[in-house]
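Close look at the chain arrangement
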Amino acid sequence: MTPPAPSTTAPSSRRRLILALLFGICVVTYIDRVNISVAARQMMPVLGLTDIQMGQIFSAFVIGYALCQIPGGWLGDRWGPRLTLTLAVIWWSIFTGLTALAPTWPLAGLLGIAGSLIVVRFLIGIGEAAALPNFNRTIANWLLPHEHGLGIGIAIGGLGVGSALTPPLTAWIMVNYGWQTAFWLASGLGLFVAGLWWCIA
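Definitions and cut-offs
- Residues numbered from 1 in each chain as written.
- Predicted model: local features only at pLDDT ≥ 70, side-chain atom pairs only at ≥ 80, totals over all residues.
- Heavy atoms only, no water.
- Helix = DSSP H or I, 4+ residues; strand = E, 2+ residues; numbered from the N terminus.
- Rg over C-alpha atoms; globule rule 2.2 N^0.38 Å.
- Buried < 20%, exposed > 50% of the residue type's maximum accessible area, 1.4 Å probe, protein only.
- Contact = heavy atoms within 4.5 Å.
- Areas by Shrake-Rupley, 256 points an atom, 1.4 Å probe, with all protein chains shown as cover.
- Lys, Arg positive; Asp, Glu negative; His and termini not counted.
- Charge placed at Lys NZ, Arg CZ, Asp CG, Glu CD.
- Salt bridge = Lys/Arg side-chain N within 4 Å of Asp/Glu carboxyl O.
- Disulfide = S-S within 2.5 Å.
- Core = buried A, V, L, I, M, F, W, Y, C linked by side-chain atoms within 4.5 Å.
- Expected span 1.5 Å × (residues − 1).
- Patch = residues over 30% accessible without salt bridge, like charges linked within 9 Å, V, L, I, M, F, W, Y side chains within 5 Å.

Each helix and strand in the protein was counted, giving eight helices and zero strands. Listing each helix as α and each strand as β along the protein from the N terminus yields α-α-α-α-α-α-α-α. On C-alpha atoms alone, the protein measures out to a radius of gyration of 18 Å, which is about the 17 Å that the 2.2 N^0.38 rule sets for 201 residues. Viewed in the frame of its principal axes, the protein has a C-alpha envelope of about 60 × 35 × 25 Å. Scored against the burial criterion, the 201 residues of the protein give a buried share of 46%. Within the protein, contacts between residues separated by at least 24 positions form 81% of all contacts whose residues are at least 6 apart in sequence. Summed over its atoms, the accessible surface of the protein is roughly 9500 Å², and 71% of this surface lies on carbon and sulfur atoms. Once the 9 positive and 5 negative side-chain charges of the protein are each reduced to a mean point, those two points are 9 Å apart.

And the structure:
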């Protein structure tokens, strides 16, 4: 959907909904980014991972994230934030769910369990790299210039909420249902949010 032309009127309900969706996507990015640091407590003994290997798995996300910030922004300019964010959230949500299966992938036979998880976390980082550049593009498209600061503040406020919710929520899921379930549920939440974004934005 083409964003509304800027006006001097008060924000429409659709514009407020866009901000709410950006906030929700931001929460999901942080859940998918941080849940492995909580799940690592169960993953390490079960999968036989060392502290060094776990550190490499954590770092793989950051490398993918850093490398793809610029391409993620370029895609947003070329395709628009609606399509780019939808594809990005679907991408990283799929690989978040596949984190639970990474130890049993054929790739694990080639690279080992740690290597398989490194690849998956790297791919999650690639997807999440498109989030913040496209948040900015969306804010520029949908809000007036004097509302940009407030808009991006609301959108990335999801980082704080996500960081607050993820540790206790992931720990509770992990203790009661196993570490794999935390990744599957996060994946499902991301796919749901991606669907909302595509339909509304």
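Structurally, Leu-83 can be placed in helix H4 (residues 81-99). You can call Leu-83 partly exposed: its relative accessible area is 31%. Taking the C-alpha atoms as reference, Leu-83 lies 15 Å from Ser-93; in sequence the two are ten residues apart.

Let's shift gears to the pattern of salt bridges. Applying the stated criterion to the full structure yields three salt bridges. For Arg-15, the salt bridge goes to Glu-147, with nearest N and O atoms at 2.8 Å. In this pair, Arg-15 sits in helix H1 (residues 13-47) while Glu-147 sits in the loop between helix H6 (131-142) and helix H7 (148-177), placing the two residues 132 residues apart along the sequence. A single burial state applies to Arg-15 and to Glu-147, both of which are buried. One salt bridge connects Arg-137 with Asp-77, and the closest N-O pair in it is separated by 2.8 Å.

Turning our attention to the state of the cysteines. Considering all chains together, one arrives at zero disulfides under this definition. Free cysteine Cys-68: the closest other cysteine sulfur is in Cys-26, separated by 18 Å. For Cys-68, a relative accessible area of 18% gives the class buried.

Right, let's talk about the nonpolar core for a bit. Core analysis: the largest hydrophobic core is formed by 48 residues, its most contacted members being Met-43 and Phe-135. Sorting the residues of this core by element identifies H1, helix H2 (51-67), H4, helix H5 (106-128), H6, H7 and helix H8 (179-200) as the ones contributing at least two each. For this core, the element with the highest residue contribution is H1, accounting for 13 residues. Excluding residues within four positions of it along the chain, Phe-135 makes contact with Leu-22, Ile-25, Cys-26, Leu-85, Ile-152, Ala-155 and Ile-156.

What follows concerns the side chain of Thr-99. Its place among the elements puts Thr-99 in helix H4. Setting aside residues no more than four positions away along its own chain, Thr-99 makes contact with Leu-117, Val-120, Ile-124, Trp-179 and Phe-183.

Right, let's get into the side chain of Ser-116. The topology assignment puts Ser-116 in helix H5. Assessed through its relative accessible area of 0%, Ser-116 is described here as buried.

As a further point, take H8. Here H8 is 22 residues long and its end C-alpha atoms lie 33 Å apart, about the 32 Å a rise of 1.5 Å per residue gives. Turning to H8, its buried residues are Trp-179, Thr-181, Ala-182, Phe-183, Ala-186, Ser-187, Gly-190, Val-193, Ala-194, Trp-197 and Ile-200. Looking at the buried side of H8, the elements it contacts are H1, H4, H6 and H7.

A cluster of nonpolar side chains, Trp-79, Leu-83, Leu-87 and Trp-198, forms an exposed patch at the surface whose accessible area comes to about 380 Å². Within the element layout of this structure, Leu-87 appears in helix H4. On the accessibility criterion, Leu-87 (41% relative accessible area) is partly exposed.

The values are spatial; any link to function lies outside them.
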